[in-house]
Amino acid sequence: GSTDLFIGAYYGNGIDNRNVVRLPFQADMVTVKRSGATGATWRTSVHSGDISSFYAATADAANNIQTFNTDGFQVGTSANVNTAANVYFYFGFKSGTNFKVGSYTGNATDNRSITGLTFQPELVWVKQSTAVSGVLRPDTLAGDLTLFFINSARVANGIQALEADGFQVGTLANVNT
């Protein structure tokens, strides 16, 4: 959905506050994955401080993707983003007509609509800040089903539906605690 996308790679140096620069725009979401045995980490423009999230069932943490710059992003010293002599791959998106990042506070209410996207999404990702796995729902998934980022079976009562201006969530802890 995003009209603005960058992809690339960098070589880790282990130095804190490392800037990855000369990218074509300031991103609203960046993902980094090491070519090694660490999980991928990601950050959106609505994350606070220098906190990043993970695709796995890992709580948000600092010292990964620390901030977005006008022409790139900054990483810390976490092995997920900047170990010396390791290759890291990244991609980033900018918000636009068909791509949005946002947040909401869970309230454990079933059939709750999250609105304000200004378009009907074709894919929604939700990740709680605590150590639970992120989930996703593409528009091709039938019924009240949600898929996990991790290798786990699909489940009901998560992202229940994609709506004209957002999406609906159930009471699954991953989407509405």
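Scroll up for the structure.
Residues numbered from 1 in each chain as written. Predicted model: local features only at pLDDT ≥ 70, side-chain atom pairs only at ≥ 80, totals over all residues. Heavy atoms only, no water.

Caption draft 1: Inspection of the sheet that holds strand β2 (residues 18-20) at higher detail. Spatially, β2-β7-β6 is the arrangement adopted by the three strands of the open sheet, whose pairing is antiparallel. With partners counted over all chains shown, the strands left at the sheet margins are β2 and β6 (65-69), one partner each. Strand-to-strand twist in this sheet, taken as the mean axis angle between neighbours without regard to direction, amounts to 25°. Two elements, β2 and strand β7 (residues 72-75), share three bridges in a ladder whose sense is antiparallel. (Pairing = 2+ DSSP bridges. Helix = DSSP H or I, 4+ residues; strand = E, 2+ residues; numbered from the N terminus. Axes fitted to C-alpha atoms, helices over the stretch in contact; angles between N-to-C directions.)

Caption draft 2: Representation of the sheet that holds strand β13 (residues 155-156) in the model. Here four strands make up an open sheet; going across it, the order is β10-β11-β12-β13 and the pairing antiparallel. Edge positions in the sheet fall to β10 (123-126) and β13, since each of these pairs with one other strand and no more. Note that strand β12 (residues 145-148) and β13 share two bridges and pair antiparallel. In the strand pairing of β13, leucine 145 is matched with alanine 156.

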